[in-house]
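Observations on the model geometry
Residue-level listing of the chains:
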Amino acid sequence: MRILAIFTAVLGAAALFWMTFSKPATGDDEMQGIAGKIRVYSVEDGGYIGTERVVKSDAEWKKLLSDRQYHILREQGTERAFTGEYWNHNEHGVYRCAGCGLDLYLSDTKYKSGTGWPSFYQPVAPENVKIRPDSSFFITRNELICARCGGHLGHVFDDGPAPTGKRHCINSASLIFYKLDK
Ligand code: FE
């Protein structure tokens, strides 16, 4: 009986831990509900520009995005490997945020990681993609979010190629590709 009681207690504690820490980190103090100007890099302008943060309610995002985009960008979802539009996409251009259109990654920094997700060794500029710790699923990973709308993009890992050694593992559904002429 005592073993059963201990087992139940451990299970209860694990469930409590899970419920506390597995929630998507939607309450980002830095992003949520705070409008205002930020400085980001614009590929089209070839330099830094000032832009307004994009702040919308869940209902507004739902109207604007597809179900898949909403799940990934606003609910920290992850698409299955090898199912997205861009994991094997090799055109020359810029990948922008599917939520707000901010420039995020250049095709020049995309590489074949073999993971089934679009992978880049660096963003367009450090100002455009923010990193925050993500403690869901019992492990701490570094989540990548759009600096303008706070949309979830993916995660960054330390097993990328030179020159940065970083792997920005991004969901295709968080991106929209725009072709560049040169
Ligand atoms: Fe965005």
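We now turn to the structure provided with this report.

How each quantity is defined
- Residues numbered from 1 in each chain as written.
- Predicted model: local features only at pLDDT ≥ 70, side-chain atom pairs only at ≥ 80, totals over all residues.
- Heavy atoms only, no water.
- Pairing = 2+ DSSP bridges.
- Helix = DSSP H or I, 4+ residues; strand = E, 2+ residues; numbered from the N terminus.
- Axes fitted to C-alpha atoms, helices over the stretch in contact; angles between N-to-C directions.
- Buried < 20%, exposed > 50% of the residue type's maximum accessible area, 1.4 Å probe, protein only.
- Polar contact = N/O pair within 3.5 Å; in protein donor to acceptor, adjacent residues only side chain to side chain.
- Contact = heavy atoms within 4.5 Å.
- Core = buried A, V, L, I, M, F, W, Y, C linked by side-chain atoms within 4.5 Å.
- Phe/Tyr/Trp six-rings, centres within 6.5 Å; stacked < 30°, edge-to-face > 60°.
- Lys NZ or Arg CZ within 6 Å of the ring centre and 35° of its normal.
- Donors = N, O, S within 2.8 Å, 3.2 Å for Na, K, Ca; no water.
- Tetrahedral: all angles 85-135°; square planar, octahedral: opposite > 155°, others 65-115°.

1. Here's the deal with the sheet that holds strand 11 (residues 175-179)
In spatial order, the strands read 4-3-11; together these three strands make up an open sheet with antiparallel pairing. The outermost strands of the open sheet, each flanked by one partner alone, are strand 4 (103-106) and strand 11. On average, each strand axis in the sheet is inclined to that of its neighbour by 30°, with strand direction left out of account. With three bridges connecting them, strand 3 (residues 93-97) and strand 4 associate as antiparallel partners. Bridge pairing in strand 4 places Arg96 opposite Asp103.

2. Structural notes on the side chain of Asn128
Looking at where Asn128 falls in the secondary structure, it is placed in the loop between strand 6 (119-120) and strand 7 (129-134). Of the residues examined, Asn128 reaches a relative accessible area of 0% and is grouped as buried. Within the structure, the side chain of Asn128 is placed 2.8 Å from the backbone oxygen of Asp103, a separation counted as a polar contact. With residues near it in sequence (within four places) discarded, Asn128 still touches Val40, Tyr41, Leu102, Asp103, Leu104, Ile145, Cys146 and Ala147.

3. Quick notes on the nonpolar core
Grouped together as the largest cluster of nonpolar side chains are 25 residues, with contacts concentrated most on Leu102, Leu104, Tyr105, Cys146, Leu153 and Leu175. When contributions to this core are tallied by element, the ones reaching two or more residues are strand 1 (37-42), helix 3 (67-75), strand 3, strand 4, strand 8 (141-146), strand 9 (152-157) and strand 11. Not counting the four nearest positions on each side in its chain, Leu175 is found in contact with Tyr86, Tyr95, Arg96, Ala98, Leu104, Tyr105, Pro118, Phe120 and Ile170.

4. As for the environment of Glu52
Looking at where Glu52 falls in the secondary structure, it is placed in strand 2 (residues 47-52). Distance from Glu52 to Lys37, taken between C-alpha atoms, is 4.5 Å for residues 15 residues apart in sequence. Setting aside chain neighbours within four positions, we find Glu52 in contact with Gly36, Lys37 and Arg148.

5. Examining the packing of aromatic side chains
One pass over the full model with this rule turns up six aromatic pairs. Seen in terms of ring centroids, Phe82 and Trp87 are 4.9 Å apart; in terms of plane orientation they differ by 85°. Their pairing is edge-to-face. Phe82 gets classed as partly exposed once you look at its relative accessible area, which sits at 47%. Using a relative accessible area of 33% as the deciding quantity, one classes Trp87 as partly exposed. Here the aromatic rings of Tyr86 and Tyr95 are separated by 5.3 Å at their centres, their planes lie at 80°, and the arrangement is edge-to-face. Each residue in the set Tyr86, Tyr95, Tyr105, Phe120 and Phe177 is aromatic and connected to the rest through ring pairs, giving one cluster. One cation-aromatic arrangement involves Lys56 over Trp61; the distance from NZ or CZ to the ring centre is 5.8 Å. Taking NZ or CZ as reference, Arg96 lies 4.3 Å from the ring centre of Tyr178, over its face.

6. A look at the coordination of the iron ion
Those protein atoms acting as donors to the iron ion are Cys97 (SG), Cys100 (SG), Cys146 (SG) and Cys149 (SG), and they sit at 2.3 to 2.4 Å. Metal-centred angles of 99 to 116° between the four donor atoms at the iron ion mark the site as tetrahedral. Read N to C, the donor residues that coordinate the iron ion are spaced as C-x2-C-x45-C-x2-C. Of the two residues, Cys100 sits in the loop between strand 3 and strand 4 while Cys146 sits in strand 8, which places them 46 residues apart along the sequence.

These values are about where atoms sit, not about what they do.
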